[in-house]
Amino acid sequence: MLKTPDTTLLRTVGEERAALNVIGGRMVGAQSGARIEVACPSDGKVFASVPQSGEVDVDAAVRSARQAFETGPWSRMTAAERGRILSRLSALVEVHADELAALESRDTGKPARQGVADVTAAIRYYEYYGGAADKAHGDQIPFLDGYTAFTSREPHGVVAGIIPWNYPLQILARVAGAALAMGNTLVIKPAEDASLTSLRIADLALEAGCPAGVFNVVTGYGGEAGAALSAHPGVDYVTFTGSTGTGTAIQQAAALNNRGVTMELGGKSPQILFADADLDAALPVVVNAIIQNGGQTCSAGSRLLVEKPIHDEVMAALARSFSALVAEPHHADGDLGPLINARQAERVAAMIEAAEKDGAEIVAQGSVADDAPEGGHYRAPVLFGGVDPLSQLAQEEVFGPVLAAFSFEGEEEAVRLANGTQYGLVAGVWTRDGGRQHRVARRIRAGQVYVNAYGAGGGVELPFGGFGRSGHGREKGFEALYDMSATKTTVFRHI
Ligand code: ADP
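Residues numbered from 1 in each chain as written. Predicted model: local features only at pLDDT ≥ 70, side-chain atom pairs only at ≥ 80, totals over all residues. Heavy atoms only, no water.

**Some remarks on the sheet that holds strand E17 (residues 361-365)**
Spatially, E17-E19-E20-E15-E14-E21-E22 is the arrangement adopted by the 7 strands of the open sheet, whose pairing is mixed. Lying at the two open borders of the sheet, with one neighbouring strand each, are E17 and strand E22 (448-451). Within this sheet the neighbouring strands show an average axis-to-axis angle of 20°, counted without direction. Here strand E14 (residues 270-273) pairs with strand E21 (residues 426-430) via 3 bridges, running parallel. The partner of glutamine 271 across the bridge, within E21, is glycine 428. Where helix H12 (residues 342-357) meets the sheet, its contacts fall on E17, strand E19 (382-385) and strand E20 (402-408), and the angle it forms with E19 comes to roughly 25°. (Pairing = 2+ DSSP bridges. Helix = DSSP H or I, 4+ residues; strand = E, 2+ residues; numbered from the N terminus. Axes fitted to C-alpha atoms, helices over the stretch in contact; angles between N-to-C directions. Contact = heavy atoms within 4.5 Å.)

**Things to note about the packing of helix H5 (residues 112-132) against helix H6 (residues 168-181)**
Put simply, H5 and H6 touch, their axes get as near as 8 Å, and they point 5° apart. If you check the angle between H5 and H6, you find them roughly parallel. Contacts between H5 and H6 involve Asp118, Val119, Ala121, Ala122, Tyr125, Tyr126 and Tyr129 from the first element and Leu169, Gln170, Leu172, Ala173, Arg174, Ala176, Gly177, Ala178 and Ala181 from the second. (Parallel < 35°, antiparallel > 145°, perpendicular 65-115°, else oblique.)

**Considerations on the site of the ligand**
Around the ligand there are 17 residues in total, and Ile163, Lys189, Glu192, Ser243 and Thr246 lie nearest to it. At 2.6 Å from an oxygen atom of the ligand is found a side-chain nitrogen or oxygen belonging to glutamate 192. In this structure, a nitrogen atom belonging to the ligand sits 3.5 Å away from a main-chain N or O atom of alanine 227. With the chains in place, 84% of the 550 Å² that the ligand exposes on its own is no longer accessible. If you map the ligand onto the pockets, it falls in the largest pocket. Sorting the residues of the shell around the ligand by element identifies helix H8 (222-231) and helix H9 (244-256) as the ones contributing at least two each. (Near = heavy atom within 4 Å. Polar contact = N/O pair within 3.5 Å; in protein donor to acceptor, adjacent residues only side chain to side chain. Areas by Shrake-Rupley, 256 points an atom, 1.4 Å probe, with all protein chains shown as cover. 1 Å grid on protein atoms, 1.4 Å probe; cavity = no way out; pocket = protein on both sides within 12 Å on 5 of 7 lines; lining within 4 Å. Sits in = over half its atoms within 2 Å of the grid points.)

**Observations concerning the nonpolar core**
One finds Val93, Tyr126, Tyr129, Leu180, Leu186 and Phe215 to be the most contacted residues of the largest nonpolar core, which totals 66 residues. The element best represented in this core is H6, accounting for 10 residues. When sequence neighbours within four positions are dropped, the list of residues in contact with leucine 186 reads Ala65, Val159, Val175, Ala176, Ala179, Leu180, Val214, Phe215 and Asn216. Counting 29 residues, the second-largest nonpolar core is a separate cluster that includes Phe274, Val348, Leu393 and Phe408. (Core = buried A, V, L, I, M, F, W, Y, C linked by side-chain atoms within 4.5 Å. Buried < 20%, exposed > 50% of the residue type's maximum accessible area, 1.4 Å probe, protein only.)

**So, the packing of aromatic side chains**
Overall, the coordinates contain 7 aromatic pairs when judged by the stated rule. Centre to centre, the rings of tyrosine 128 and tyrosine 129 are 5.0 Å apart; their planes meet at 90°, and the pair counts as edge-to-face. In this structure, tyrosine 128 and tyrosine 129 share a single accessibility class: buried. Summarising the aromatic geometry, the rings of tyrosine 450 and tyrosine 454 are spaced 6.1 Å apart at their centres and angled 45° between planes, so their arrangement reads as tilted. Overall, tyrosine 450 belongs to the buried group, its relative accessible area being 14%. Assessed through its relative accessible area of 14%, tyrosine 454 is described here as buried. One Lys or Arg, arginine 474, reaches over the ring of phenylalanine 467 and ends 5.6 Å from the middle of that ring. (Phe/Tyr/Trp six-rings, centres within 6.5 Å; stacked < 30°, edge-to-face > 60°. Lys NZ or Arg CZ within 6 Å of the ring centre and 35° of its normal.)

What follows is the structure, given as structure tokens:
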């Protein structure tokens, strides 16, 4: 295993921690020497820096991944051996869980317990894919007399993973777990706003026994390092989680190279409350589904459809809950933390203003803690009522703690409204009527439908992905192994 003698990833330089890329098993800066400052969203203070990688650094990482794929010990390993390395990585992430959770929380501003939940999910992803590595096999196909035919699952080769800033630990784990289980090598480009845990995980992957060059991480801006990676001819497959617009740009780059992609994009996911719903069970889930991670979750339950007979009662109860919500610094571990950066906070404020102009009514809003530092990017949660289902607020992703509620009458209208956006990621259906549970769940166009529950975060085993503008391909669960491999058919003639 190639490792520099000093494997300390985050070197302490006074208060500031200078992180390095992981390329070919070595910790290196950007060749230009340029760096990106990392600020904590809770107070806006810089506490670390990461390399501002350019084309040349991305090229070095892709070459290293290519070499590891073509010639390294990785390609000769059995699936069971790859699985064992992933299991060891899972164990190492568990050993370093406190450090990783704290780093993620500081880097993204998410409440401390969400950092813990994310690291717990990451441990489970590496465990799950470690166990799955030697179980994703092909089929023997009955064919012509005198022939034997079978399929096998082959790695794509070099997989590029472009990771967002909202759940870096979890999303890296689901991408890397599935890609490595199938024998691919990886080049990861984390988001410029939250790269630190990805670098740390690559370091732990080396310790777990991943050969040099198998798990590379290059940090940098999306338009620079991200664009260079998605356009690199040495990449065989791209997996992306992030905004729909960026997904389109990455698919265009992929099309020029005729390569496959998995796209996990935005959402405008509905929760449908029928009049017979168990409101004691539903309402806390409805609130959590929009404030978790400050609403910066692709699967956030950002639309609420309430059946007319319970509309006023539900809105009154939600108004009480929203009024009590407080945005606080990550370490206070409150209801929600700050948003990731000033741009995101401004975008959310602009969408709230536009919704009011469109005639939506602010039914209730939470607050920002009095002692929240000035430099943090806080937004109080907002509950909108009487929202026009065709307005921007009901159609477009806010990516903030903003819930758009409106009413409906009967099953037909519920399904029509739930399916009435260009997205289709997740949906929640709340009713005690067993027949309706099945009828409605069946007609909803979304990658995941929950009945009397909601939540894509849990369940590493559950395939996840979108319809329409929410993307295509599936991550998580066993299905992700199919995206991360290509079927090969081999035919023998018995001569
Ligand atoms: P946001 O706009 O909130 O930053 P994005 O969806 O653009 O969200 O970011 C998700 C990831 O995509 C990040 O790692 C980011 O650096 C990367 N990215 C952004 N623009 C591009 C691009 N043009 N090409 C490739 N990657 C990009």
